[in-house]
Amino acid sequence: MSLTEITARMDAALSAAGRSADSAALIAVSKVQPDSRVEAVLQEGHRIFGENRVQEAAGKWPAFREKYDGIELHLIGPLQTNKVRQAFELFQVIHSVDRPKLAKTIARIAEEEGHCPELFIQINTGEEDQKAGVSPKDADDFIAECRALDLPIKGLMCIPPAEEEPSLHFALLAKIAKRNDLAGLSMGMSGDFESAIAQGATHIRVGSAIFGERDYG
Ligand SMILES: *Cc1c(COP(=O)(O)O)cnc(C)c1O
């Protein structure tokens, strides 16, 4: 597939849902992809990218930023507290705020640095042991805790369990966001972004459908 095709499918899904073309952002997830593939997408004019590891992002994005203006980088993977300051330098948006200790560290560093990336709280909608995220029953309290710390919380993020119908998880995420007055919904990947858009996604995170399969070899 390609960026053009994904953008066309995204536009069609937005229009089918009666939504405006600019009501969702496409995050091109470039983790593990070779630089040549990432650069091809930059050359097509795309500027919003996602990475799931701070270290990997630090190794590839400073050089791309020297060549291309206006890059917006999103952290979509787990963040350790000792990497928060580095994450502030690299990322404009962090989608993986998932525990009080991390929220407090982000608040402290935001005060020291005088700025803060936009933040999404990750919800473990499937309550899977191996997955990060706040459990749905703790979500309201955690959102309130983040707001008490003055964190710029824009919305919620989820990664549905692989073997379950994703739309149920998207609907749950949308429900938690709505009752907490949060506009942002980071949900939907290569296999399910159309259904996420139907459920109100404002940020879809699409990797392999744009760049091809990841080669972890
Ligand atoms: C890798 C990843 C994606 C993209 O997955 P694809 O199936 O390649 O689209 C989206 N979100 C998160 C959190 C990821 O880690």
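Residues numbered from 1 in each chain as written. Predicted model: local features only at pLDDT ≥ 70, side-chain atom pairs only at ≥ 80, totals over all residues. Heavy atoms only, no water.

Topic: the overall build of the chain
Now for step 1: The secondary structure content of the chain amounts to 9 helices and 8 strands.
Now for step 2: A compact globule built from 217 residues should have a C-alpha radius of gyration of about 17 Å, and the chain, at 17 Å, falls within 12% of that.
Now for step 3: Considering only C-alpha atoms, the chain reaches an extent of 40 × 40 × 35 Å along its principal axes.
Now for step 4: The long-range share in the chain, meaning contacts at least 24 apart out of those at least 6 apart in sequence, stands at 59%.
Now for step 5: Accessible surface, the chain: about 10200 Å² in total, of which carbon and sulfur atoms supply 48%. (Helix = DSSP H or I, 4+ residues; strand = E, 2+ residues; numbered from the N terminus. Rg over C-alpha atoms; globule rule 2.2 N^0.38 Å. Contact = heavy atoms within 4.5 Å. Areas by Shrake-Rupley, 256 points an atom, 1.4 Å probe, with all protein chains shown as cover.)

Brief notes about the site of the ligand
Now for step 1: By nearness alone, every residue bordering the ligand is listed as Val29, Lys31, Ile76, Met157, Ile159, Met189, Ser190, Arg205, Val206, Gly207, Ser208 and Arg214.
Now for step 2: Arginine 214 has a polar side-chain atom sitting 2.7 Å from an oxygen atom of the ligand.
Now for step 3: Here the ligand has 390 Å² of accessible area as a free molecule, and 89% of this is covered by the chains.
Now for step 4: The cavity where the ligand resides is the largest pocket.
Now for step 5: Its residues placed into classes, the shell around the ligand shows 6 nonpolar, 3 polar and 3 charged. (Near = heavy atom within 4 Å. Polar contact = N/O pair within 3.5 Å; in protein donor to acceptor, adjacent residues only side chain to side chain. 1 Å grid on protein atoms, 1.4 Å probe; cavity = no way out; pocket = protein on both sides within 12 Å on 5 of 7 lines; lining within 4 Å. Sits in = over half its atoms within 2 Å of the grid points. Nonpolar A, V, L, I, M, F, W, Y, C, P; charged D, E, K, R; others polar.)

Here we look at the UniProt feature "domain: Alanine racemase N-terminal" (unreviewed entry) in the chain
Now for step 1: In the UniProt entry, the feature "domain: Alanine racemase N-terminal" (unreviewed entry) is given for residues 21-214.
Now for step 2: The span residues 21-214 carries 40% helix and 18% strand; its end-to-end C-alpha distance comes to 29 Å. (UniProt positions renumbered as here; feature names shortened; annotations may be inferred.)

Some points on the nonpolar core
Now for step 1: Formed by 63 residues in total, the largest nonpolar core has its most connected members in Phe49, Trp61, Val97, Ile121, Leu156 and Ile210.
Now for step 2: By residue number, the principal contributor to this core is helix H5 (residues 100-113), which donates 6 residues.
Now for step 3: When sequence neighbours within four positions are dropped, the list of residues in contact with isoleucine 121 reads His95, Val97, Val134, Phe142, Ile143, Cys146, Ile153, Gly155, Leu156 and Met157. (Core = buried A, V, L, I, M, F, W, Y, C linked by side-chain atoms within 4.5 Å. Buried < 20%, exposed > 50% of the residue type's maximum accessible area, 1.4 Å probe, protein only.)

Focus: the packing of helix H2 (residues 35-43) against helix H3 (residues 54-67)
Now for step 1: Viewed as axis vectors pointing N to C, H2 and H3 meet at an angle of 35°, and their least axial separation amounts to 12 Å. In this structure, the crossing between H2 and H3 has a hand that is right-handed. For the pair formed by H2 and H3, the contact residues are Asp35, Val38, Glu39 and Leu42 on the first element and Lys60, Trp61, Phe64 and Lys67 on the second.
Now for step 2: Split by residue class, the contact of H2 with H3 holds 4 nonpolar, no polar and 4 charged. (Axes fitted to C-alpha atoms, helices over the stretch in contact; angles between N-to-C directions. Left-handed = near helix turned anticlockwise from the far one by under 90°.)

What about the layout of surface pockets?
The rolling of a water-molecule-sized probe over the atoms marks out the regions of remaining empty space.
Now for step 1: Each pocket or cavity is described by its volume, and for the largest pocket that value is around 370 Å³.
Now for step 2: Together, 19 residues line the largest pocket, and Lys31, Ile76, Ile159, Met189 and Arg205 are the ones closest to its centre.
Now for step 3: For the lining of the largest pocket, a count of residues per class yields 7 nonpolar, 8 polar and 4 charged. (Points joined across faces, edges and corners; volume = space filled by probe spheres on them.)

Side note on the pattern of salt bridges
Now for step 1: Taken as a whole and judged by the stated rule, the model has 11 salt bridges.
Now for step 2: Note that glutamate 194 is salt-bridged to arginine 9, the shortest N-O span being 2.9 Å. On the criterion of sequence distance, the pair formed by glutamate 194 in helix H8 (residues 193-198) and arginine 9 in helix H1 (residues 3-16) is long-range, its members being 185 residues apart.
Now for step 3: With a closest N to O distance of 2.8 Å, arginine 99 and aspartate 98 form a salt bridge. (Salt bridge = Lys/Arg side-chain N within 4 Å of Asp/Glu carboxyl O.)

Considering the pairing of strand E8 (residues 203-206)
Now for step 1: Across the two faces of E8 the burial is the same, with His203 and Arg205 and Ile204 and Val206 all buried.
Now for step 2: Here strand E1 (residues 25-29) runs beside E8; their pairing, made up of 4 bridges, is parallel. In the strand pairing of E8, alanine 28 is matched with valine 206. (Pairing = 2+ DSSP bridges.)

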